[in-house]
Amino acid sequence: MAAPPLRFDGRAAVVTGAGRGLGRAYARLLAERGAQVVVNDVEAEAADQVADEINEAGGTAIADYHSVATPQGGVSLAAQAQEAFGAIHIVINNAGVNRAAQFADMTAQTGPALFDEMIAVHLLGPCHVLWPLWPAMVRQGFGRVVNVGSGAVWGLRGQAAYAACKAGVMGLTRSLGREGRRCGVQVNCVLPWAVTDRSPDRSDDKFGPVIDAHMHPDNVAPAVVWLAHEDCGANGEFFTVDGPRIARLAWVASRGHTDLDPTPETYRDHWEKIMDLAEFTVPRSTNDHMRNTVMPHFAPTIENPEGRSGRAGGI
């Protein structure tokens, strides 16, 4: 017998940046599956439209217009969500802005403002939303958080500020996953790719027809909604969601090269081995990296500290 469909009855969700594009798709699918949804967007008309669409379809939603770029915005959003629905179980941190600029074109006068805007929305935005909601999630023993990163972290010209903040979101996800795992709060990160009304024209791209057919928000939303469900056991993980394709991502460490008396020449002469990813480990935490990835290479020193005590002690 087939497993029953995934439902969110009795759950309440906050989706930021939900007035259009990907956020709209997340909010609509959560509501379709029974969740009560706070549709957050600084564009009031867009937020109202999505909330109206959900309510007219038989779901339950309210619109919220607070900006996640400020601490007070996050507090006000949380207060409105809790006033409307009581306990909040799910947060999708989707709100974002993008101001493309080549790093070489920035100056000491213009660069900080660009970075500050990106940091406020992309990196601090999830914190502004979670700071007032996280304690309640911990007390209720349940929470699902999906942070939205970006494939820009792989490296994209003109996106230094954007990519840096999205990489920060990945680090935030990993740490919050560790903090929340013993109290029922799970945090994951998606790097979605979909064509929206703000995407560039791809009509001349040889992959354009495939992208237009498959890379749209409604194909990304199921993966995000699955990560928000209580049956999903993932925590502190990253996933690329390329339209209808999802794949787990990981930070890996090559086997590397160990020399307890290193010189620059040591690494020059073993550079190919250091760069080789044929053998790698996937650390699950900072402690795991030290215990299971780094320390085994020092086993002889640990067993016989008299041999290289100076070097071993400096680790």
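Use the structure listed above.
Residues numbered from 1 in each chain as written. Predicted model: local features only at pLDDT ≥ 70, side-chain atom pairs only at ≥ 80, totals over all residues. Heavy atoms only, no water.

## Structural notes on the overall build of the protein chain
Definition in use: Here a helix means four or more residues in a row that DSSP labels H or I, a strand means two or more in a row labelled E, and each is numbered from the N terminus. Any pair of residues with heavy atoms lying within 4.5 Å of one another is described as a contacting pair. For the area figures, the Shrake-Rupley method with a 1.4 Å probe applies, and any residue is considered shielded solely by the protein chains shown.
Scanning the protein chain for helices and strands turns up twelve helices and ten strands. Here the contacts in the protein chain between residues at least 6 apart in sequence split such that 69% fall between residues at least 24 apart. With the model as given, the accessible surface of the protein chain reaches about 16,700 Å², and the carbon-plus-sulfur share is 53%.

## Concerning the nonpolar core
Where we set the bar: In this description, a nonpolar core means a group of buried Ala, Val, Leu, Ile, Met, Phe, Trp, Tyr and Cys residues linked to one another through side-chain atoms lying within 4.5 Å. Summary of the burial criterion: residues with accessible area below 20% of their type's maximum are buried, those above 50% are exposed, and those between are partly exposed, where the area comes from a 1.4 Å probe applied to protein chains only.
Counting residues in hydrophobic clusters, the biggest one holds 37 residues, and the most contacted among them are Val15, Tyr26, Ala27, Leu30, Val37, Val39 and Ile92. It is helix H1 (residues 21-32) that provides the largest number of residues to this core, a total of seven residues. Among all residues touching isoleucine 92, those that are not within four sequence positions of it are Val14, Val15, Thr16, Tyr26, Leu30, Val146, Val224 and Ala228.

## Some remarks on the packing of aromatic side chains
Our working definition: Working definition: a ring pair exists when centres of Phe, Tyr or Trp rings (six-membered ring for Trp) sit within 6.5 Å. Plane angles under 30 degrees give stacked, over 60 give edge-to-face, the rest tilted. For a Lys NZ or an Arg CZ to count as sitting over a ring, it must be within 6 Å of the ring centre and within 35 degrees of the ring normal.
If you walk through the whole model with that rule in mind, you get one aromatic pair. Directly above the ring of phenylalanine 142 sits arginine 11, whose terminal nitrogen or CZ lies 3.9 Å from the centroid.

## Re the pattern of salt bridges
The test is simple: By definition here, a salt bridge exists when the distance from a side-chain nitrogen of Lys or Arg to a carboxyl oxygen of Asp or Glu is within 4 Å.
Throughout the structure, instances matching the rule amount to ten salt bridges. With a shortest N-O distance of 2.9 Å, arginine 7 and aspartate 9 are connected by a salt bridge. A relative accessible area of 37% places arginine 7 in the partly exposed class. A residue is classified by how much of its surface remains accessible, and aspartate 9, at 49% relative accessible area, is partly exposed. Here aspartate 269 ties to arginine 268 by a salt bridge, and the two come within 2.8 Å at their closest N and O atoms. Accessibility classification places aspartate 269 together with arginine 268 in one group, the exposed group. It is possible to trace a salt-bridge network through shared partners that takes in Arg24, Arg28 and Glu53.

As far as function goes, none of this settles anything; it's purely spatial.
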